[in-house]
Amino acid sequence: GAMDASAAAAGVASPAAAVPIPSWLQAIFDAERFVTWLNLSSSDGSTDGVVTDRAVLGGFGEGEAKPGDAESKSAERSSALAAPRDLVAQAWKSCDRLLRAALVDDTAAPAASGGEMVGTVLSVGAMGVWTREKDAALAEWASDVFAAKYGADAALTADSTAALDPSDLSVTHAAFLEHACLSDTPQPQLQLRFALLAAANRLVARALPLVVLPSDAGGLAAGGTLGSLISTSRYLLFRDVKTHWCEVVLENTAISKPTRRPRVTVNRFAAVHSLDPALTVFGQMACQLLSAPAEALRQKTTTPHIAFEVQLQHERVAGESGPYRESFGDVARELMGLASEPRGSSGSREAYGHDEVAGDDGDGLRLPPTLRVSSTGAGGAGGSSPPSSPGSGDADAGARRAPALGLFVPCANRTAKGHENRDRMLPAAGVSCPDDLDRYQALGRIIGAAIRTKVRMPLSLPTQVWRPLVAEAVTIHDVARVDDFFVHHILAPLRAADSSEAFDAVFGDSLLASLVLTDNTVVDATPAAVSRAKDGSRVVSFPLRDAAAAWMATVRVHEASAQVAALRCGIAEVVPPAVLSLLTAADLERMVCGRPHVDVDMLRRHTEYSAGLTEHAEHIGFFWSVLREFSQENRLRFVKFAWAQERLPTTDREYAAGNVRMLLKPWPLSGDPDGALPLADTCWFNVALPPYSSRAVMRRQLLRAIQHGAGLDADAV
């Protein structure tokens, strides 16, 4: 009925009235029949228990996941499935047909009439041409609409967003403005397309426990199974479908028997300004975590939920979760080249009475990686020179410094004003000996533990890293996001040169046959892509431009493949590959890093007040007013002060799912409150605020606390 109304508003015939019924609509009908049948065939209406008994996990955690209830449920389900065998086969065909109807082939050409796209594109009258980007944006927008409409009161089920009425999706919704690619699409078309995606999501949510998802890129590329089709269609899935499935898999692959958590000892004072990788916080943690059994990091949900214990030497710290979360932030800052110092160390920064703190402006002197050319070259590439060493020219007074670990280097766009992703860091291609790859694997384990325990790590990595972690292919477009100069000023002119004159005008004989990667590693071209110049040097000539361009693109796309593979290996030791194969690169980045944004209204909705204090107290009003006026940078500093973590959940549902809340407590000390600093129990996200006499005092003292970093170390206040 909603689809009929949307079609009428669009001025087209109702899809249901079409003769014959379109295959995609018939697939929806079949899907609804299958979902209904699944509910009837299960006594509790749930298929979650099947996940531990099927081959969904690809052997991950075999013998460790709880077998009891799952085996009995699976046996019951197997007998239920055995009877209507034909219906099951028909259901799989319906799911396959529906997903293939929704999948968009971006390479297909528009038909001459009606704007319909040839291939697997769904285009019904006013629905026009849909792209992969538009579908992903629509799925994300629908998830945002659901979160805004129901907030923390939403039931945490797998198909909640799919239950939205299409009329709930209005172009006047605030979240719509965040998806620019949908701006030229009429609202009725959006609602019609949503109806299709909702049907697909309802079916996939019920079918996921019964299919095998591919565990790597090879399984995904092989295709031919419903699992690979669902993984290929991941960008069509709503956030709650993927989140619910991930939580089920993580819960069922945690170790079933209580075991002693691994213990990690860290001396953060030894790590300050250390150039020895072994003495950094990451170096100390990596060595100890690699020696621990991987399954020991898959701890059951506890309070607090931590994968390993962290003991901070020479720091008076009470509790477990505060040091645990703090260690993830320390590792991320070290890897990204950000200064990280223990509480109370002499290098801690204070900025009394100022909201903004000077930081790195990103304007280092590092030149973008490019092809090696001679000093006499012509055109846009001719004046280039090889890039300087990582981090050179970046010795300003800001927080960023050259990473002591050497595992990551700044991307080329960092030196180019106006380009995107200037803060992104790439794995160093030259760091490839076995010991170095072990460090990437250790980082993968740490990231896996962060995913399991819902700790955020502010890792500034590009899609060139996130995409292969979820078995998605990296393209030259991902390279352009971190090295615009190479793609648009070297590769594009090389491919566009249609004559020797055009080639010589840009490159001449200066295009030497070697490629300088992001970390200054030099790669020589293959013989098929080069020729000899008059002086005997190996250069790229016009006849070999296509071969050279293909070689360059391949090298840059895969320049860090060995390091990313080690990283993925470490993650897969803690998190099942079945989880990764259902996520997009953006999903994984949000799951690991969160967002560098603090929504004060959302935090206030998830704030509680202990006995003797209410939100109507005068100094509590001062607090919320000051926090609202803080910059995002200082809001994040407050979160770190109060919770030893730099990122908060991004939705009300994430707060609820992670049992996250802030507790404001009465001031426990005597004396003049205006001279005291706030106190924080970082293990529990508790903050005790002195009853300051004015808003100005609240602002001054709160800034002192968050800039100084007081909160984790018991003797820092």
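Everything discussed here concerns the structure shown above.
Report on the accompanying structure. (Residues numbered from 1 in each chain as written. Predicted model: local features only at pLDDT ≥ 70, side-chain atom pairs only at ≥ 80, totals over all residues. Heavy atoms only, no water.)

### Re the packing of aromatic side chains
To keep things clear, this is the line we draw: Put simply, two rings from Phe, Tyr or Trp (the six-membered ring, in Trp's case) pair if the centres are within 6.5 Å, and we call them stacked under 30 degrees between planes, edge-to-face over 60, tilted for the rest. By definition, any uninterrupted DSSP run of H or I lasting at least four residues is a helix, any uninterrupted run of E lasting at least two residues is a strand, and each is numbered from the N terminus. The rule for a charge over a ring is simple: NZ of Lys or CZ of Arg within 6 Å of the ring centre, and within 35 degrees of the ring normal.
In the structure shown here, the tally under the stated rule is eleven aromatic pairs. On the basis of an interplanar angle of 65° and a centroid distance of 5.0 Å, the ring pair of Phe-308 and Tyr-324 is categorised as edge-to-face. Taken together, the residues span a long stretch of sequence, with Phe-308 in the loop between helix H11 (281-290) and strand S2 (309-312) and Tyr-324 in helix H12 (residues 321-335) at a distance of 16 residues. Members of the aromatic cluster, each reached through a chain of ring pairs, are Phe-623, Trp-624, Phe-638 and Phe-641. A cation sits over an aromatic face here: Arg-556 above Phe-486, 4.9 Å from the ring centre.

### Notes on helix H9 (residues 239-252)
Put simply, the rule reads: To estimate the expected span of a helix, count its residues, drop one, and scale the result by 1.5 Å. Buried, partly exposed and exposed residues are distinguished by accessible area as a fraction of the type maximum, computed with a 1.4 Å probe on protein chains only: under 20%, between the cut-offs, and over 50%, respectively.
Taking 1.5 Å as the rise per residue, H9 with 14 residues should run 20 Å; its terminal C-alpha atoms sit 20 Å apart, in good agreement. Within H9, eleven of the 14 residues are buried, leaving the element largely enclosed by the surrounding structure. Those residues of H9 that sit buried are Arg-239, Asp-240, Val-241, Lys-242, His-244, Trp-245, Cys-246, Val-248, Val-249, Leu-250 and Asn-252.

### Some words on the sheet that holds strand S13 (residues 686-688)
Two orientations exist for strands paired in a sheet by backbone hydrogen bonds: parallel and antiparallel. Put simply, the rule reads: Here, a strand pair is defined by DSSP locating no fewer than two bridges between the strands. Convention adopted: a line fitted to C-alpha atoms gives each axis, helices being fitted over their contacting stretch, and angles between N-to-C directions are expressed from 0 to 180 degrees.
One open sheet holds the four strands; their spatial order is S10-S11-S13-S12, and the pairing between them is mixed. The open sheet has two edge strands, strand S10 (607-609) and strand S12 (679-681), and neither has a second partner. Direction aside, neighbouring strands of the sheet carry axes that sit 25° apart on average. When S12 meets S13, the two strands line up antiparallel, connected through three bridges.

### Focus: the side chain of Asn-267
Heads up, the rule is: The criterion used for residue contact is that any of the two residues' heavy atoms lie within 4.5 Å.
On the secondary structure map, Asn-267 appears in the loop between strand S1 (263-266) and helix H10 (268-271). Look at Asn-267 and you get buried, because its relative accessible area is 15%. Not counting residues within four places of it along the chain, the set of residues in contact with Asn-267 comprises Gln-284, Gln-313 and His-314.

### Considering the environment of Arg-132
Residue position: Arg-132 is located in helix H5 (residues 132-150). Between the alpha carbons of Arg-132 and Leu-236 there is a distance of 8.5 Å; along the sequence they are 104 residues apart.

### Details of the nonpolar core
To keep it simple, the criterion reads: What we call a nonpolar core is a set of buried Ala, Val, Leu, Ile, Met, Phe, Trp, Tyr and Cys residues that are connected through their side-chain atoms within 4.5 Å.
If you look at the biggest cluster of nonpolar residues, it comprises 96 residues, and the most contacted ones within it are Phe-282, Phe-308, Leu-335, Met-457 and Leu-459. Here this core takes eight residues from helix H14 (residues 434-453), the largest share from any one element. When sequence neighbours within four positions are dropped, the list of residues in contact with Leu-459 reads Ala-332, Leu-335, Met-336, Ile-447, Trp-466, Val-592 and Cys-593. Formed by 34 residues, the second largest nonpolar core is a distinct cluster that contains Phe-622, Trp-624, Leu-636 and Val-660.

### A short note on the environment of Arg-263
The criterion, for reference: A 3.5 Å cut-off defines polar contacts: any pair of N or O atoms within that distance qualifies, except that in protein one atom must be a possible hydrogen donor and the other a possible acceptor, and neighbouring residues in sequence count only when both atoms are side-chain atoms.
Turning to its location among the elements, Arg-263 is positioned in strand S1. Here the alpha-carbon distance between Arg-263 and Met-285, two residues 22 residues apart in the chain, equals 9.6 Å. Of note is the side chain of Arg-263, whose polar atom sits 3.1 Å from the side chain of Glu-309.

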